[in-house]
Amino acid sequence: MTNLEQNASINPQMEESWKEALKDEFKQDYFANLKAFLVEEKKKHVVYPPGPMIFNAFNYTPFNDVKVVLLGQDPYHGPGQAHGLCFSVANGVQKPPSLINIFKEIQSDLGMPSPLNGNLEKWAKQGVLLLNATLTVRAHQAGSHQKKGWETFTDAAITAISGNKKGVVFLLWGAYAQAKVSIIDQTKHFVLTAPHPSPLSVTRGFFGCKHFSKTNEILRSQGKMEIDWSIDR
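Rules of the game
Residues numbered from 1 in each chain as written. Predicted model: local features only at pLDDT ≥ 70, side-chain atom pairs only at ≥ 80, totals over all residues. Heavy atoms only, no water. 1 Å grid on protein atoms, 1.4 Å probe; cavity = no way out; pocket = protein on both sides within 12 Å on 5 of 7 lines; lining within 4 Å. Points joined across faces, edges and corners; volume = space filled by probe spheres on them. Helix = DSSP H or I, 4+ residues; strand = E, 2+ residues; numbered from the N terminus. Nonpolar A, V, L, I, M, F, W, Y, C, P; charged D, E, K, R; others polar. Salt bridge = Lys/Arg side-chain N within 4 Å of Asp/Glu carboxyl O. Buried < 20%, exposed > 50% of the residue type's maximum accessible area, 1.4 Å probe, protein only. Pairing = 2+ DSSP bridges.

1. Focus on empty space enclosed by the protein
Then, number 1: Enumeration over the complete set of coordinates arrives at 2 cavities of 30 Å³ or more.
Then, number 2: In this model, the largest cavity occupies a volume close to 40 Å³.
Then, number 3: Lining of the largest cavity is provided by Leu71, Gly72, Leu131, Asn132, Ala133, Thr154, Ile158, Tyr176, Ala177 and Lys180.
Then, number 4: Of all the secondary-structure elements, those providing two or more residues to the lining of the largest cavity are strand 2 (68-72), strand 3 (128-132), helix 7 (150-164) and helix 8 (175-178).
Then, number 5: Tallied by class, the residues present in the lining of the largest cavity amount to 6 nonpolar, 3 polar and 1 charged.
Then, number 6: When its volume is computed, the second largest cavity comes out at roughly 30 Å³.
Then, number 7: Around the second largest cavity sit Phe103, Ile106, Met112, Pro113, Pro115, Trp229, Ser230 and Ile231, which together line it.
Then, number 8: Class assignment for the residues of the lining of the second largest cavity results in 7 nonpolar, 1 polar and no charged.

2. Observations concerning the layout of surface pockets
Then, number 1: Of the pockets and cavities examined, the largest pocket occupies roughly 390 Å³.
Then, number 2: Around the largest pocket, the lining comprises 26 residues; the ones closest to its centre are Asp74, Pro75, Tyr76, Phe87 and Asn132.
Then, number 3: Looking at the lining of the largest pocket, its residues break down into 12 nonpolar, 13 polar and 1 charged.

3. Looking at the pattern of salt bridges
Then, number 1: Following the criterion strictly, the structure yields 8 salt bridges and no others.
Then, number 2: For Lys19, the salt bridge is made with Glu16, and the minimal N-O distance between the two is 3.4 Å. On the criterion of helical spacing, the pair formed by Lys19 and Glu16 is a turn pair, its members being 3 residues apart in helix 2 (residues 16-21).
Then, number 3: For Lys19, a relative accessible area of 26% gives the class partly exposed.
Then, number 4: The partner of Arg138 in a salt bridge is Glu41, and the shortest N-O contact between them spans 2.6 Å. Here Glu41 lies in helix 3 (residues 29-44) and Arg138 lies in strand 4 (residues 137-138), a separation of 97 residues in the sequence.

4. Focus: the pairing of strand 5 (residues 169-173)
Then, number 1: Where burial is concerned, most of strand 5 is hidden: 5 out of the 5 residues are buried.
Then, number 2: Along strand 5, one buried face is formed by Val169, Leu171 and Trp173 and the opposite face, lined by Phe170 and Leu172, is buried too.
Then, number 3: Pairing between strand 2 and strand 5: 3 bridges, direction parallel. Among the inter-strand pairings, Val68 is bridged to a residue of strand 5, identified as Val169.
Then, number 4: Two elements, strand 5 and strand 6 (residues 190-194), share 5 bridges in a ladder whose sense is parallel. Within the sheet, the bridge partner assigned to Leu171 lies in strand 6 and is Leu192.

Read these as geometric descriptors, not functional statements.
Written out as structure tokens, the structure reads:
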């Protein structure tokens, strides 16, 4: 693979409204350093998700359409799992434990049966930004691309939403996501917090949080269309 091809794979086209909202970030030194890091990383390791999918969260949910923000930490690091949307897996991939627990809460909260499929693209297309703080990861090494610049970029995305939109629902699950509350203007937006849905913490308050019905209540109160949280079986 040539250097040009490598650069193309880590810098795919981004949806236009997001490209405009984040245009200043692409000019920053940290973003150039991040690209250089990824080029070198790809020479030595397998990196997930595949290059064209890195910015899927932005491409599936244009800036102008964002109604809900769900924050994750970093992509799944197993083969075929990550496809650029937090907590989501591609069609045909076994659902990870956290995602299984999310569907259990939806079933309890809304009475919807747990789907066989774990692909959350349907949510993203309705205005749910499924954003990981870190957008890439080395295969089989969770957290391996943290503190390389991605967090600065995704914080800029959250800040852009907070500053330029109104009435967005932020779902912050776990301490890592909840730390982002400092860059969210709570006088303009709604923040719902709960423990992370992982097996280690799900029974400490994620089960029973009813964030899915609460989100729809908030959207409905603003005259916005509710989210259909069902996933095609």
